[in-house]
Amino acid sequence: MPERPYTILSCSISLDGYLGGATRERLVLSNQADLERVDEVRADCDAILVGAATVRSDNPRLVVRCKRLREQRRARGLSESPIKVTVTEHARLDACNNFFAVGDSEKLVYCASPAVREARRRLSPVATVVDGGRRMEVGRLTEDLYDRGVRRLMVEGGGCVHTQFLTSGTVDELHLVLAPFFVGSSRARRFVGDGAFPWDAGHRAHLAETRQIGDVVFLRYGLSSRFEATA
Ligand SMILES: NC(=O)c1ccc[n+]([C@@H]2O[C@H](COP(=O)([O-])OP(=O)(O)OC[C@H]3O[C@@H](n4cnc5c(N)ncnc54)[C@H](OP(=O)(O)O)[C@@H]3O)[C@@H](O)[C@H]2O)c1
């Protein structure tokens, strides 16, 4: 059977299940203590993946922030931050985005075949563009990451990417942080879109941990037989 990385899907949502606000402005759902928790999870992973829309809208840096954690990675012979990975169909990505411009780690762009030439034209100096085939599937993508040495993958949004990872059954662990407020507009992006998820009323996910972190709640679910309950 093909191998794939142990995969953690991590995100924060509002009480009404949104990933952000209704406007283009970035909405902070987490808090400082929780960001530090996320940093620890990041530092323990080989790669972080986000969708191209998140790269464009949030312009995330996706690096390990804490100096001590970066030094620990260095001592283990790793880059200071995990490899950054994104997926795109149309290659509307800018080499100046923080995703590409910040940090010493490798950057991988999985691009649908029709736009590969355009992606390489835009991004060749700053990233490795991988031809993902006509319709990119999560299973194939994660197998390719495994072949590149990624054993532990963190998926950090957005909703379109969450939906594909969760419906394909390739997530081993879900980290969900609940912020203490409502967004209240269906123009905002939900945690996931429509889809056939392996967990429904008849197949309940395994809730492994709940933790209050200041004013947010951290929920940890085990979603596969590989789930590392003690991690
Ligand atoms: N609260 C949180 O923790 C959190 C975390 C991350 C993001 N967010 C929010 O999530 C929102 C963005 O989410 P989103 O659902 O709109 O977008 P997304 O999941 O970030 O990215 C979607 C894009 O990724 C590319 N893509 C996805 N699947 C693909 C596939 N199978 N093959 C090829 N390309 C694929 C496409 O890029 P192209 O359009 O380039 O073709 C698609 O438009 C933002 O508002 C952001 O603030 C929140």
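1. Brief notes about the site of the ligand
Thinking step 1. Contacts to the ligand come from 26 residues, most closely from T54, T88, C160, Q164 and R189.
Thinking step 2. E89 has a polar backbone atom sitting 2.7 Å from an oxygen atom of the ligand.
Thinking step 3. Between the ligand and the protein, one listed contact pairs an oxygen atom with a backbone N or O atom of C160 at 2.7 Å.
Thinking step 4. When the free accessible area of the ligand is taken as 940 Å², the share hidden by the protein chains comes to 84%.
Thinking step 5. Of all the secondary-structure elements, those providing two or more residues to the shell around the ligand are strand 1 (6-13), helix 2 (52-58), strand 3 (83-88) and helix 7 (159-167).
Thinking step 6. Broken down by element, the residue count for the shell around the ligand peaks at 6 residues, all from helix 2.

2. Notes on the sheet that holds strand 1
Thinking step 1. With mixed pairing, the 9 strands of this open sheet are ordered in space as 5-4-3-2-6-1-7-9-8. The open sheet has two edge strands, strand 5 (128-131) and strand 8 (206-213), and neither has a second partner. When the angles between neighbouring strand axes are averaged without regard to direction, this sheet yields 20 degrees.
Thinking step 2. Bridge analysis of strand 8 against strand 9 (residues 216-222) gives 7 bridges, and the strand direction is antiparallel. When the sheet's bridge partners are listed, L207 is paired in strand 9 with Y221.

Reading the values: rules and limits
Residues numbered from 1 in each chain as written. Predicted model: local features only at pLDDT ≥ 70, side-chain atom pairs only at ≥ 80, totals over all residues. Heavy atoms only, no water. Near = heavy atom within 4 Å. Polar contact = N/O pair within 3.5 Å; in protein donor to acceptor, adjacent residues only side chain to side chain. Areas by Shrake-Rupley, 256 points an atom, 1.4 Å probe, with all protein chains shown as cover. Helix = DSSP H or I, 4+ residues; strand = E, 2+ residues; numbered from the N terminus. Pairing = 2+ DSSP bridges. Axes fitted to C-alpha atoms, helices over the stretch in contact; angles between N-to-C directions.

That's the geometry; what it means functionally is another story.
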